[in-house]
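Chain and residue survey
Given next are the chains, with one letter for each unit.
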Amino acid sequence: MYDADFLLEPRIVAVDTPFGKPSEPVTLGKIGSVEVVVIPRHGKGHIMNPTNVNYRANIWAMKQLGVTRIIAPCAVGSLREELRLGDLVFTDQFIDRTTKRISTFYDKEKVCHISTAEPFCPELRKLLMGSAEKLSLPHHKSGTNIVIEGPRFSTKAESNLFRSWGCDTINMTMVPECVLAREAEICYAAVAQVTDYDCWRDLIV
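Anyway, here's the lowdown on the structure attached to this text. This is a predicted model, so every value here is computed, not measured.

**So, the packing of aromatic side chains**
Scanning all chains against the criterion turns up six aromatic pairs. Taking 6.1 Å as the distance between ring centres and 80° as the angle between the ring planes, the aromatic pair formed by Tyr197 and Trp200 counts as edge-to-face. With a relative accessible area of 14%, Trp200 lands in the buried category. Members of the aromatic cluster, connected to one another through ring pairs, are Phe19, Trp60 and Phe105. For Arg163, the ring lying beneath its charged end belongs to Trp200, and the centroid distance is 3.9 Å.

**Some remarks on the nonpolar core**
Side chains of a nonpolar character, in soluble globular proteins, are inclined to be buried together. Counting residues in hydrophobic clusters, the biggest one holds 33 residues, and the most contacted among them are Ile59, Ile70 and Tyr188. For this core, the secondary structure elements donating two or more residues are strand E2 (26-31), helix H1 (55-64), strand E4 (69-78), helix H4 (174-183) and strand E10 (187-197). A per-element tally of this core places H4 first, with six residues. Setting aside residues up to four positions removed in sequence, Tyr188 forms contacts with Arg41, Ile70, Ala72, Phe120, Cys121, Leu124, Met174, Glu177, Cys178 and Ala181.

Conventions adopted
Residues numbered from 1 in each chain as written. Predicted model: local features only at pLDDT ≥ 70, side-chain atom pairs only at ≥ 80, totals over all residues. Heavy atoms only, no water. Phe/Tyr/Trp six-rings, centres within 6.5 Å; stacked < 30°, edge-to-face > 60°. Buried < 20%, exposed > 50% of the residue type's maximum accessible area, 1.4 Å probe, protein only. Lys NZ or Arg CZ within 6 Å of the ring centre and 35° of its normal. Core = buried A, V, L, I, M, F, W, Y, C linked by side-chain atoms within 4.5 Å. Helix = DSSP H or I, 4+ residues; strand = E, 2+ residues; numbered from the N terminus. Contact = heavy atoms within 4.5 Å.

Structural data, given as structure tokens:
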């Protein structure tokens, strides 16, 4: 996602928001005839840790540019034996264990209570599942992701606690990103790729 070399007619634009600048100057382009906006959340070269990503500026910039749907690729650790390396998970629930992030646009002059009972867009998830099936990609139709603050990984005790809570995957960026997208009225779905087993699972040499 850092080079956006999959886009037709790419161009880079500088966008400012009431919350500062996005992680990177925004890349605009097309996939087929569809207008696309790309913002690498960690900045090019993966230079921002999860806590320091300006999630509000990223989502606001997308809203400002007319984005109506966000497909959010992310890496996750597996908390289940059956979620194997390389599998895609179309997350449908999250548990938030972050501690240092502003997770709303409404922190000053207005109060707005947003439902996150179903935090991910079911229509977009269904489309992504259909594409994964057509491409014969190993995938899971649902999953609960626990979002931790980072940048450190979990202890074994934490990892086993998260498993006992029924969590399937773990990462550091899904919140507040998906919550802010909900506030901005943008459909949001994560394409979570399993990159490792979390530390509950002993390494097999």
